[in-house]
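Here is how the chains run, residue by residue.
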Amino acid sequence: MDDDGDDIPQLSSHTLAALQEFYLEQQQREGMKTSQGFNQYSIGSIEEDWQLSQFWYSDETASRLADEAVVAAGKGGSCLFFRIACVSAPSVYQKLKEQDGKDFSVCILEYDRRFSVYGEEFIFYDYNHPLKLPENLLPHSFDIVIADPPYLSEECLQKTAETIKYLTKGKILLCTGAIMEEQAAKNLGVKICKFIPKHARNLANEFRCYVNYASGLD
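Residues numbered from 1 in each chain as written. Predicted model: local features only at pLDDT ≥ 70, side-chain atom pairs only at ≥ 80, totals over all residues. Heavy atoms only, no water.

J.: How would you summarise the nonpolar core if you had to cite specific residues and measurements?
T.: Leu65, Ile84, Val92, Leu96 and Leu173 are the most contacted members of the largest nonpolar core, which has 32 residues in total. Those elements that place two or more of their residues in this core are helix H2 (59–74), strand E1 (82–87), helix H3 (90–99), strand E2 (104–110), strand E4 (142–147), strand E5 (168–177) and strand E7 (207–211). A per-element tally of this core places H2 first, with seven residues. Contacts of Leu173, omitting those with residues within four sequence positions, involve Leu65, Glu68, Ile144, Val145, Ile146, Ala147, Cys209, Tyr210, Val211, Tyr213 and Leu217. (Core = buried A, V, L, I, M, F, W, Y, C linked by side-chain atoms within 4.5 Å. Buried < 20%, exposed > 50% of the residue type's maximum accessible area, 1.4 Å probe, protein only. Helix = DSSP H or I, 4+ residues; strand = E, 2+ residues; numbered from the N terminus. Contact = heavy atoms within 4.5 Å.)

Structure representation (structure tokens):
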């Protein structure tokens with residue numbers, strides 16, 4: 001029997017380094033869960049699934065967008081309590097929940113059923129069926145809708161736009177690629193903002209924010 005190991009495949013130094021980094025991140029996350037107590041609303045508590053085109057915002061970006069949603073939802077409203085919908089934008093939902101706001105409610109429309117851990121605030125959502133929504137999700141019942149369509153395609157944006165227009169009373173905060181600017185304006189009447197959102201992991205595509213109201217993102 002040949003024990004020299006010549007036939008055993010070897011990982012490249014680059015691949016090995018990437019694996020080591022991945023396992024170190026895993027260990028650090030597990031350590032945080034056990035030593036600090038697990039926060040189910042922290043960004044990364046549910047890991048990205050790249051096969052579902054999931055790329056979480058940086059902590060700073062998610063906080064900025066959550067703050068903007070709260071301010072925009074409350075502006076000019078006659079109600080003391082307002083509603084926010086997050087469509088395919090789970091990291092913004094998580095930041096909103098961390099605020100523990102008493103003057104607003106928030107729900108998450110998401111395809112990934114792992115987010116069902118958030119109970120009744122989770123609504124299963126498939127952009128391919130933009131109006132296949134629960135009966136209790138009434139039209140024009142949200143003071144603002146923040147959305148991040150999962151794919152940079154005209155079809156995905158068009159169908160997500162149907163959902164957004166159904167849900168919102170008027171205000172829209174859209175996050176998508178810079179290359180979708182023309183389609184965003186066409187489908188939702190939104191304009192690009194100066195604020196540039198960042199992701200926890202650097203993406204090849206430039207992302208931007210778009211709104212249809214006077215926002216604090218300019």
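J.: Residue-level account of the confidence of the model for the chain, with values.
T.: For residues with low pLDDT, the predicted coordinates do not support detailed interpretation. Predicted confidence across the chain gives a mean pLDDT of 83, with 72% of residues reaching 70 or more. Note on residues 1–5: pLDDT is under 50 here. Beyond four places in sequence and across chains, it has zero contacts. Below a pLDDT of 50 lies the segment residues 28–38, which in the model reaches six contacts outside its immediate sequence neighbourhood of four places, other chains included. (pLDDT = per-residue confidence, 0-100.)

J.: Explain the packing of aromatic side chains residue by residue, including any values.
T.: This structure, assessed with the given rule, holds six aromatic pairs. Ring geometry for Phe115 and Tyr118: centres 6.1 Å apart, planes at 40 degrees, overall tilted. Across the pair, Tyr118 and Phe115 agree in class, each one buried. In this structure, Arg64 is placed above the aromatic ring of Phe195, and the distance from its NZ or CZ to the ring centre is 4.7 Å. (Phe/Tyr/Trp six-rings, centres within 6.5 Å; stacked < 30°, edge-to-face > 60°. Lys NZ or Arg CZ within 6 Å of the ring centre and 35° of its normal.)

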